[in-house]
Amino acid sequence: MAHFGRRIMQLFSLALVALVSVATALSTSGSKLLVVLDPSIKKQDYSIFFDDLKGRDFDLDFRAANDPNLSLVSFGERAYDQVILTLPPTQKALGPNLLAKPLLEFMTSGGNILVLLNPTGHALGSVREFARELGIHLPFRDTKLVDHFHYDAATSPELHDTVILDPATDLVAVPHLEVDSTKKILYSGSGFALDNNHLLFPILRASDTAYVYDPAEELLESDAPFVSGTQAYVVAGIQARNNARAVIIASSSMLSDEAFNAADSANRELAAGITKWTFQETGVIKLKSVAHKLANTVEENPQIYRVKQDIIYEAEISEWIDDKWVPFVADDVQLEFTMLDPYYRLNLTAVGVSGDSEVYATTFKAPDQHGVFTFNLNYKRTGLSYIDDKRTVTLRHFGHNEFLRSFEIPNAYPYITSLVVVVVAWMLFIVLWVFSGPEKAPEKKTQ
Amino acid sequence: MIVLPLSIPPSAGQTLPLLRTVILLTIAGAAISSRLFSVARFESIIHEFDPWFNFRATKYLVSHDFYSFLDWFDDRTWYPLGRVTGGTLYPGLMVTSALIYHSLKALTLPVDIRNVCVMLAPVFSGLTAYVTYLFTTELKSDSAGLLAAAFIGIAPGYISRSVAGSYDNEAIAIFLLMLTFYLWIKALKLGSSFWGALTALFYFYMVAAWGGYVFITNIIPLHALVLIVMGRYSNRLYVAYSSWYSLGTLASMQIPFVGFLPIRSSEHMGALGVFGLLQLVGFSQYVRARLPSRQFKVLVTVATVGLLALGAFAVVGLTFAGVIAPWTGRFYSLWDTGYAKIHIPIIASVSEHQPTAWPSFFFDTHMLIWLFPAGVYLLFQQLRDEHVFVIIYAILGSYFAGVMVRLMLTLTPVVCICGAVALSTIFDQYTNLATPESTREDSQDVKDTKEEPSSSLLNINALTRTPVIGIFSPWSRVVVMGSFLVYLYMFVQHCTWVTSNAYSSPSVVLASQLPDGSTHIIDDFREAYYWLRKNTPEDAKIMSWWDYGYQIGGMADRTTLVDNNTWNNTHIATVGKAMSSREEVSYPILRKHDVDYILVIFGGLIGYSGDDMNKFLWMVRIAEGIWPDEVQERNFFTPRGEYRVDEQATPTMRNSMMYKMSYYRFPDLFGRQEARDRVRNQRIPSPVTDSSAAPIQLNTVQEAFTSENWIVRIYKVKDLDIFGRDHAAAMAFEEGKKKGGRTIRAPPSGGHAKGKARVLRV
C-alpha cells in the first residue's frame, strides 16, 4: 500500500514536472525523454551529453531495457515524447517493448527516436529490423570503421579505428546543424549503409578512404568490405511523413565525455545539433493558416469559384527558433493549383508578417477549365518539417446570365443591325401588303 | 374493358361520351395499377441506375430554384472533372416532377418528392393511353382508339420502362411522343398553324425530356418528304410543317444540352432540308398556278432538283469543313450493329444497346406482334396522309427496335395502334350483322374520301376484299370472335405475368425464392451504400465501375469518379485501367484521383451474375482503347481463349486489382471445402485445398466492408507509408509480425549481402 502511495506521488510529481517543463520546453514535441540505458554504458561517461540535454529542459527518465515497467505507450497514448536508445555489446533481447513494431508505432504516433549503436557495432535483431524498415542497413557485429589516412594517432595508433571526420567535407548539409569547420569530429565504431528510401537523409558520412570491416577476420583481397568510402555513414536521419524524426548514430562513443573533451573536438556541437534536430527543437516549421478568397471580397475559403476569376491565396508559415515561433522566411515556397495535373505552379511571395508568422501570398486568374481543383502547398526541404496542405475547391462554369450581353460585344453589331433591319423591313412589307393589294383574288398565299 | 368494343354498334363512329369516358378512365386505372407491382412487392423506391440520377437532380431542383438548377455544376460526380449537369441533362422530367410537387404543396398536400418521382411514370402511362386513343381515333374510329388505349396501357414493351419507381426520361417521353404525333396529324389534317404551333410546343417539351426527340425530328420531315414525293403536297402540309419546324427548332434550341445542335448536327439536317424543299415546292406550286406553262414547269422541276443537289453538296461540304458536326458513333451504331463493338466499346458494353433477340418481340407485345403487319396492311388500304405517317413510323420503329433492345419502347406504341386498327376492323366486320352489300358500301365510302392518285390501288384492294364466301354465317362469326376473345384474354394474362415477373424488380433490391417458396429479400446494395453514407467522410471519393455511379451518388451521397452519364471515355478508361492493372500500377492512379474507397460488386458467393467480374472484360477493353500497350485483353484469356478465374487463370488476371478485390478472403468462407464461384462455376484456388495456391494479398488497399451476401465489397485505399517504404514491404513487415512474433531475417552476409548493400544513395 505504501508502495502504491509512493507510486502515486511519483506520478503526481512527474505530471507536475511535465506540466512545468511543457511550459518552458525547447522542443516543440515535448520534453518527456526516455533514455534506455544499457548497463554496459556508464552514465558518468556521458555526463556532458546528458547534462546538455537536461540544460535544454528535457525531463530524462533513465530506464534499463529489461525494466518491467518500461512501456512506450500508456493507456493508448505515448508515454514519452522522445526516446534515446542505447544498445548492449552482446546478444541480448531488449524486451517486448522495444521491438521494431512498437518503435515504429511510437514514431507513427509522433515520437522521436535517437538510436545509439554500441561501439562494438553490435545491433540487436529488433533494432536491426527497425533500422531496415527505415532504410538503414546496420553493420555486422564487431566490425569497425577504419581509415588509414585520417585517424587519431593518440588512441588508435595500430588499428586506425578512431577516425577523424572533417565537418567541412563529411557533414552533409542540414539546416541548423552548424559545426565549426576548423574542428574535427572524433569517431570510433562501425558504419552503416543506406538504401533508396527518399525520406532518409545522411547527416555524417565517412571519408573517401574509410571502410568497414571485421578486424578479427583477415580481409581477403577478393572480399569487398561491408561498405566503404563516402557510402559508409555514421549518422543518418529520417523524417517520417508525420514529421516524427529518427536518427541513428553508429557509435555511442561519439557522444562520450572523452570524445567531447578531446582537443579540437567538434563532437559536442555536433551532438547538440543532432539531438536538437531529432527532438524537434530545430528545423521545425508549421503552416499556421491557409486562406483563399476571391479578389476584392472578404469572404474566406469559399467552396466554389467560377472559371477566370481572380483568386488570392495566402499561407502563414512560422518557424520554431529557440523557444518561440517566429516568421519563417524563404523564397522557394510554391503553390500548385491542380486538377489531375498542375494548372499553375506559382512562387509565393512573402508579403509581410502577421504575429509570429510570415504571410505568403499570390494572386492568379483561375484557369478556363471547370472542375474540382486543389490548392496544393507542398513544401518539403531536407531537415525541415514537411508542409503538405491540400484544399479542394470547385471551379464552376459561367452561369447562363454571366456572359456578356450581345449589345456589349462590338463584334455583334452587324448581327444586331441585320436583325433590326429584317424586323423593320418585314413590318413595312406587312403594311404594304395589307394596304396596297389588289381588291380581287386575295385567296392565295395568305394561308 | 377489352370486351366493351363488342357492345358498340360497328356502324357507330361515335361512342356515347359517358361510356367512352368510363372506358378511358378504366384503362388509365388498369395502366396505373398494373405498374404498381413493384411498390406492392418491395416498397416505394427508385429503381435501377439512371433513375437515381434523375431523382437526385429532382431533389436538387426542388431544394434550389430553377436557375441554379440550370447552372448546376456538379462537383460530386466525375471527380475531379465535375459535370456541367445543368447543361448536360434533359430537364423535362425533373421540371415536371418539381411542378407536380410544388402544385401539390400549394394545394396543401404534403407529398414526399420521392413518391412524386416513383408515381410519375404510372400516371403518365395513363395519359399515354388517352393520347393513343386520340391518335388512333384520328386514324380509324373511336373503338379502334379505345382498343389502342387498352393495348398501350398494359403492353409490356412500354411497362418495362414505366413501372412505379422507374423514374426515367422515357416515363414521360412516350406520352410526349404520342402527343406530338397526334398534334402533327391534327395540324396536317386541318392545315392549321395553331395546331402546328401546338405540335412545336409539345415537341419542345419532348426535346426537354428525352434524347429520343431526334426520332420526331426525323420522322416528321420524312413524312412530309414522302407526301411530297407521292404528289400530295398541299398548303395544309406547308402550313403545318413550316409552323412546326420554325417554332419547334427555335424552342428546342433553348434547352442548354441541345443548344445549336439543330443547325449544326447531321441528325437534324434532314428537317432543315425538308423545310427548304417545302419552300421551293410551295413556290413552284404558286408559280405554276400563275403561269401554267409546260416549259416553265420543267424549268421549275430542274431548278428544284438543282437546288436540292446544291443543298446536299453544301451539307456535305460544311460537314467536312467542320461547321456541321458529323454523325455520332451512336448514330452509326444504329445502322451497323457491329460498329459500336469495334469502335466504341462503351456503347456496346451497355446491355440495353445490344441487338434485340427475336423472342423479346413476342415477349414485349404478345399477340400484337402478328396483328401489327395486318394493321399496317389495312392502313395501306386507306392511305390517307396520317396513314402514311403511321406506316413510316411502323417501318422505322421496327428497324430500330431490331437494332437496340431499348428501342422496343418506341416500337410498342405503333404496334399497339396497328394492332388495334386490325383488331377493330375484324370486330367491325364480324359483329356487323348487315349483309355484304353494306360492306361494299363501307369500302365505297372509304373510296370517296380518297384522293386521286391512290384510287386505282384502292380499287384493287377493294376487289380483293369483297369476294368473301361463307363468312357471314353466324358460326364463322362466333368462331372468329370467340378465338379473338381468347387471344385478348391471353394477352391480358401475358401482360400481367410479364409485368409481374420480369419488369417489376427494382434491381436495387433483389428477391429470391427460398426452398420453401417464401421470398427472401437481398438488400446488399442498400446495406453497402448506407454503410458508405454513415462511415465515410462526406467528401470521400469512391471509385467503382460506372454502372454504380448514379446509385452511389443517389443513395450513399458520396463523390464518384465515373457514372452512368459516360460523357468522358478517357476517365472511364482510367478507372478500367486501375481495375485491370497490378496494384503497383493502379496505386499511383488511385492517388492521383484522390480515391478513398473502391467499391466492387461480387456475385460469386450468391450467384448474382451481373457482377464486376462478368463486366471485367469491358473494363479491359475500354482501358485498352486508350492504353493499348499497357492493358491487353488477350492477357486475360487463357492460351485456349477461355475466360477463367480458377487455377488456370492467367497471371495478368490473377494480379489484377479487380480479381484480387473480388476474391480476397473468398476461400476462407469455405473452410476445408473447395471454394466455388457460383456465377462462373469455377473453383477458386484456395490454400486449404491446393497447397500451391497462395492466398490473395492486397497491399495498397484494405478491406473496409463486405455486405451480407458479399455482393458489395468496399476497400479503403491506404495512404502512403509514413516511413517511405513501398506497400508490399510495409505489408510484409506487418505480416511477419503477425505470423511468428519475431521473425528476424538473416542479416546480410557474404558476397550476396555485399551486393545488396551496394544499393546506395549517391
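Residues numbered from 1 in each chain as written. Chains lettered and ligands numbered in written order. Predicted model: local features only at pLDDT ≥ 70, side-chain atom pairs only at ≥ 80, totals over all residues.

Chain B appears in an unreviewed UniProt entry as Oligosaccharyl transferase STT3 subunit-domain-containing protein from Lipomyces orientalis.

As recorded in an unreviewed UniProt entry, chain A goes by Dolichyl-diphosphooligosaccharide--protein glycosyltransferase subunit WBP1 and comes from Lipomyces orientalis.

J.: With reference to specific residues and values, describe the overall build of chain A.
T.: Helix and strand counts for chain A stand at eight helices and 25 strands. Counting only residues that meet the buried cut, chain A has 39% of its 447 residues in that class. By sequence separation, contacts in chain A at least 24 residues apart represent 69% of the contacts at least 6 residues apart. (Helix = DSSP H or I, 4+ residues; strand = E, 2+ residues; numbered from the N terminus. Buried ≥ 20, exposed ≤ 12 C-beta atoms within 10 Å, placed from the backbone. Contact = placed C-beta atoms within 7 Å.)

J.: Can you break down the sheet that holds strand β14 (residues 233-239) of chain A residue by residue, with the values?
T.: Residue and element names in this part refer to chain A. With mixed pairing, the seven strands of this open sheet are ordered in space as β2-β1-β5-β6-β15-β14-β12. Each edge of the open sheet carries a strand with a single partner, namely β2 (59-63) and β12 (200-205). Averaged over all pairs of adjacent strands, the angle between their axes in this sheet comes to 15 degrees, without regard to strand direction. Bridge count for strand β5 (residues 82-86) against strand β6 (residues 112-116) is five bridges, and the pairing is parallel. Opposite I84, over in β6, you have L114 as the bridge partner. Lying over the sheet, helix α7 (residues 267-278) contacts β6, β12, β14 and β15 (245-249), oriented at roughly 150 degrees with respect to β15. (Pairing = 2+ DSSP bridges. Axes fitted to C-alpha atoms, helices over the stretch in contact; angles between N-to-C directions.)

J.: Tell me about the interface of chain A and chain B, residues and numbers included.
T.: Each partner contributes to the interface: chain A provides 39 residues, whereas chain B provides 30 residues. In terms of residue count, helix α4 (residues 125-134) of chain A provides more of the side of chain A that touches chain B than any other element does, five residues in total. By residue class, the composition of the side of chain A that touches chain B is 15 nonpolar, 16 polar and eight charged. (Nonpolar A, V, L, I, M, F, W, Y, C, P; charged D, E, K, R; others polar.)

J.: How would you summarise the sheet that holds strand β25 (residues 387-396) of chain A if you had to cite specific residues and measurements?
T.: Residue and element names in this part refer to chain A. Spatially, five strands are ordered β17-β25-β24-β20-β21 in an open sheet, and the strand pairing comes out mixed. Both edges of this open sheet fall to β17 (304-306) and β21 (341-347), since each of them pairs with a single strand only. Each neighbouring strand pair of the sheet contributes to a mean axis angle of 30 degrees, computed without reference to strand direction. Pairing geometry for strand β20 (residues 334-339) and β21, over six bridges, is antiparallel. The residue of β21 that forms the bridge with F337 is Y344.

J.: Summarise the nonpolar core; cite the residues concerned and give the values.
T.: A general tendency of soluble globular proteins is for nonpolar side chains to be buried together. Among the nonpolar cores identified, the biggest contains 221 residues, and M206 and C418 of chain B are the most heavily contacted of them. With 16 residues, helix α10 (residues 170-190) of chain B is the single largest residue contributor to this core. If we skip the residues at most four places from it in the chain, M206 of chain B touches A173, L176, L177, T180, Y213 and I216 of chain B. Ranked by size, the runner-up nonpolar core spans 86 residues in total, among them A123, L200, V234 and A246 of chain A. (Core = buried A, V, L, I, M, F, W, Y, C linked by C-beta atoms within 7 Å.)

J.: Hey, could you go over the environment of L272 of chain B for me, with residue numbers and the actual values?
T.: All names here are of chain B. Relative to the elements of secondary structure, L272 occurs in helix α15 (residues 269-290). On the neighbour-count criterion, L272 (18 C-beta atoms within 10 Å) is partly exposed. Spatially, the C-alpha atom of L272 lies 9.4 Å from that of S246, the residues being 26 residues apart in sequence.

J.: Go over helix α26 (residues 474-501) of chain B, please, and point to the residues and values.
T.: Residues and elements named next belong to chain B. If you check α26, its first and last C-alpha atoms are 40 Å apart, about what 28 residues at 1.5 Å a residue would give, namely 40 Å. Buried residues of α26: F491, C495, V498 and T499, and no others. On its buried face, α26 is in contact with α2 (17-34), α3 (37-41), α8 (142-154), α9 (156-159) and α20 (358-365). (Expected span 1.5 Å × (residues − 1).)

J.: Quick one: what's the story with the environment of R20 of chain B, residue by residue and with numbers?
T.: Residue and element names in this part refer to chain B. Examined against the element boundaries, R20 turns out to sit in helix α2. Judged by local crowding, R20 falls into the partly exposed class, with 19 C-beta atoms found within 10 Å. Distance from R20 to L590, taken between C-alpha atoms, is 63 Å for residues 570 residues apart in sequence.

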